[in-house]
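# A structural walkthrough
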Amino acid sequence: MTDTPIRTMGGFADARDHRHEALTSRTYGRALLAEARADPRIVCLGADLSQPTETFLFRDELPDRFFMMGIQEANMVGAAAGMARCGDVAFAHSFCVFITRRVYDQVAMQVAYPRLPVKLAGFIPGLTTPLGVSHQATDDIALMRALPHMTVIEPSGPEQVAAVVRAAVDHPGPVYLRMQVASARPDETTPLKPFEIGRGQVLREGEDVALLACGMMVEAALSAADRLADRGLSVTVANMASLKPYDTDLAVSLARRHRIVVTAENHSVIGGLGSMTAEALMLAGAAPRFGMVGVQDVFAEGATTDYLAEHYGLTPHHIVQKVLSLHAL
Amino acid sequence: MTDRPVVSDLQVREVIVNTAFNCGESAHIGGSLSMVELLNVLFGEVLKHRPAEPEWPDRDLFILSKGHAVLGYLAILHLYGYFDADKLATFQTNGSDLIAHPVKKLKLGIESSNGSLGQGLSFGLGLAIGMEMKDEDRRVYVMLGDGECNEGSVWETAALAAERGTHRLCAIVDENHFRNDGANTTYANKIKLAGIWRAFGWNVIEIDGHDRAQIRDAFAAARAHEAGPTVIVASTIKGRGIDFMEANNDWHHNRITSAVYSECRRALGLEPVDG
């Protein structure tokens, strides 16, 4: 009937439901539910994304403390603030773009300014989605860290999510959690990573180069460190999951002990991890050779995460190239 | 009006299914299928446009505010001649500009980038005011979802457009009664969507969004109404045309496997594809 070509190669032999299959880890959903079982102050607000934010677990087990607000993020954030004012610890959920950029003034005036215990839980950070620019949060760290009273956390991966959720509950003020839904749960041999607000974590000790990374770029930095070791460079890698308050002491001490410092983030190099590190080092008078790996001053596009990482400079290779260019100076 | 290809609703559905299957990834299928008749009548009989000259200055403008339904939109643009099948076959592949939400590309007939819900109607209002200031004989059509109408920004535009009497603006709500999580419960009991639009002062036309005659009449009535903006609240069935997808929200965003693809063709009454 139409001349649209049929590529029978393109399909899949099975009929599994991709929509749910992709959400097998539920690391965040389980962690939040575990906290909520023990702490009746915790309430959960959603804006029509219960599956991709894993909050259907909360909805199904604690329906009296679950609030589906509809597709209205600004309303959700304002209401979360009101509930927090009444003593609730309000976790509000959406994609990173919608829980930050879309609702920025509500977050500023209703959450950050009155320093209320609203926890903004965002998913699909940076370029981890094929859904395009409308869904790609490359400016959220910059936006949220510019707000007084706000705490900003990006765990390195599922192994750090439970600790991060615990920290968000315990912290008395507003928190922004920038998280990636993992396709697999950390297996039992993966040690769970601790987390403390305001503290980074050195994962690997070296002497020549310090790589400071957050989120999915922690793994990329570890991989880059291996490759650099092959070239005779000894590399320190730190997970800077606490983006605000930033672990300035750690960043500065690493800068003083290494000739080269490179930051790596799944975010714009404007206003994110690279910027905050540069600020910290300059203010402390530390002057290593310094580079930033991250999304440049561009909007990206919709494609697979691997493709986008390659095209927008977020791979271990890009970190290696940045280090080598500084090494050659 | 220029010569237009005759495009059947079945053709549109076939292209939607083929394209979703070909890309091998999850796509927004349910909300694409629900608006097929609305878009097909609009592009076939109502919209002033020239696919061979996509930037024709006198064209009417269409904005897909419910941008996640881009698959249905691309099927229409392809069938009306904006781009060929090879281009369409790049849908949701790396490097393509045909991705999971509309990306503005006038040469392809895509007037604006969408994907963040609740923004298309404001943009449409601005376009209509711009046309009005130049006294241009053009109109703006904005397609929204009923889930999208949860967003408060829709109602900011609604109030302002009605107060201004911006009659070049026509909104179409594809009311398929679902959103990502399930039923659109915001308008389930105490308030109804059409009633809200009416309260906001719009000319409200309620139709069956799969009935071509009703759709045609609604667009004609919208054009004839010069006192203010018109909204066509079209009751539709999400996943319409493929029996097992109808009102089944598992097909809001999902992928079509080989087995499912065969079932889709059967449901549409199409011949099986060998291979």
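Treat the numbers as computed from the prediction; the structure is a model and nothing was measured.

## What to know about the overall build of chain A
When helices and strands are counted, chain A shows 13 helices and 12 strands. Since a compact globule built from 329 residues should have a radius of gyration of about 20 Å, the 20 Å found for chain A is in line with a globular shape. Summarising its shape, the C-alpha atoms of chain A cover approximately 60 × 60 × 40 Å along the three principal directions. For chain A, the share of sequence-separated contacts (at least 6 apart) that also reach a separation of at least 24 residues comes to 79%. Of the roughly 13300 Å² of accessible surface on chain A, 54% is carried by carbon and sulfur atoms.

## Some details on the sheet that holds strand E11 (residues 260-268) of chain A
Residues and elements named next belong to chain A. One open sheet holds the 5 strands; their spatial order is E7-E9-E8-E11-E12, and the pairing between them is mixed. A strand with exactly one partner marks an edge of an open sheet, and here the two such strands are strand E7 (201-204) and strand E12 (289-295). Shown here is a sheet whose adjacent strand axes are inclined to one another by a mean of 25°, direction ignored. Judged from the 5 bridges that link them, strand E8 (residues 209-213) and E11 form a sheet pairing that is parallel.

## Side note on the pairing of strand E7 (residues 230-235) of chain B
Put simply, side chains in a regular strand alternate between the two faces of the sheet. Residues and elements named next belong to chain B. Of all 6 residues in E7, 5 are buried; the element is thus mostly enclosed. Where strand E3 (residues 169-175) and E7 come together, 6 bridges link them in parallel fashion. Following the sheet pairing, Glu 175 is matched in E7 by Ser 235. As paired strands, strand E6 (residues 203-208) and E7 are joined by 6 bridges and run parallel to one another. Across the sheet, residue Asn 203 finds its bridge partner in E7, namely Thr 230. Running through helix H9 (residues 212-224), the crossover from E6 to the neighbouring parallel element E7 is right-handed.

## With respect to the environment of B:Tyr73
Residues and elements named next belong to chain B. Secondary-structure assignment places Tyr 73 in helix H4 (residues 70-79). A relative accessible area of 2% means that Tyr 73 is categorised as buried. Tyr 73 sits 69 residues away from Arg 4 along the chain, and the two C-alpha atoms are 17 Å apart. Contacts of Tyr 73, omitting those with residues within four sequence positions, involve Met 35, Leu 39, Phe 43, Phe 62, Leu 64, Pro 102, Gly 109, Ile 110 and Glu 111.

## Some remarks on the domain arrangement of chain A
Residue and element names in this part refer to chain A. Split by domain assignment, chain A resolves into domain 1 (15-179) and domain 2 (201-327). Computed from C-alpha atoms alone, the centre-to-centre distance between domain 1 and domain 2 is 26 Å. Taken residue by residue, the interface counts 28 residues in domain 1 and 30 residues in domain 2. A combined buried area of about 2100 Å² lies between domain 1 and domain 2, and 55% of that area is made up of carbon and sulfur atoms. For the domain 1 face of the interface with domain 2, the top three residues by lost area are Leu 127, Arg 145 and Glu 154, together amounting to 33%. In this assembly, domain 1 and domain 2 are joined by 1 salt bridge. Put simply, Glu 279 and Arg 145 hold a salt bridge, and the shortest N to O gap is 3.0 Å. Secondary structure elements with two or more residues in the side of domain 1 that touches domain 2: helix H7 (140-145) and strand E5 (151-153). If one sorts the elements of the side of domain 1 that touches domain 2 by residue count, H7 sits on top with 4 residues. In terms of residue class, the side of domain 1 that touches domain 2 is made up of 13 nonpolar, 10 polar and 5 charged.

## Some points on the packing of helix H4 (residues 73-85) of chain A against helix H6 (residues 104-112) of chain A
All names here are of chain A. Relative orientation of the contacting elements H4 and H6 amounts to 5°, with a least axis distance of 9 Å. As the angle between them shows, H4 and H6 are arranged roughly parallel. When H4 is examined against H6, the residues Ala 74, Val 77 and Ala 81 are found in contact with a partner set consisting of Gln 106, Val 107, Gln 110 and Val 111. Taken together, the residues of the contact of H4 with H6 sort by class into 5 nonpolar, 2 polar and no charged.

About the criteria used
- For every chain, the first residue of the written sequence is number 1, and numbering continues from 1 onward in sequence order.
- Here the convention is simple: chains get letters from A, ligands get numbers from 1, in the order in which they are written.
- Residue-level local features of this predicted model are given only where pLDDT is at least 70; pairs of side-chain atoms are given and counted only at 80 or more, and the full residue set underlies all totals for whole chains, interfaces and linings.
- Values shown for side chains rest on all heavy atoms present in the structure; no hydrogens or waters enter the calculation.
- Elements are defined by DSSP. Helices are runs of H or I of four residues or more, strands are runs of E of two residues or more, and each kind is numbered from the N terminus.
- Based on C-alpha atoms, the radius of gyration is set beside the globule rule, defined as 2.2 Å times the residue count to the power 0.38.
- Residue contacts follow a heavy-atom distance rule, with two residues in contact if any of their heavy atoms lie within 4.5 Å.
- Exposure was quantified through the Shrake-Rupley algorithm and a 1.4 Å probe, taking into account, for residues, occlusion by the shown protein chains and nothing else.
- When DSSP finds at least two bridges between two strands, those strands are taken to pair.
- Helix axes are fitted to C-alpha atoms over the stretch in contact, other axes to C-alpha atoms as well, and angles between N-to-C directions run from 0 to 180 degrees.
- Accessible area is worked out with a 1.4 Å probe on protein chains only. A residue is then buried under 20% of its type maximum, exposed over 50%, and partly exposed in between.
- With strands facing away from the observer, any crossover in which the path from the first strand over the helix to the second runs clockwise is taken as right-handed.
- Where each domain starts and ends follows an automatic or database-derived domain assignment.
- Put simply, buried area is how much 1.4 Å-probe accessible surface two parts lose in total, over both of them, once they are put together.
- When a carboxyl oxygen of Asp or Glu lies within 4 Å of a side-chain nitrogen of Lys or Arg, that pair is called a salt bridge.
- Residue polarity is assigned by list, with Asp, Glu, Lys and Arg as charged and Ala, Val, Leu, Ile, Met, Phe, Trp, Tyr, Cys and Pro as nonpolar; anything else, Gly included, falls into the polar class.
- Oblique is the label for any angle not under 35 degrees, not over 145, and not in the 65 to 115 range, which are roughly parallel, roughly antiparallel and roughly perpendicular in turn.

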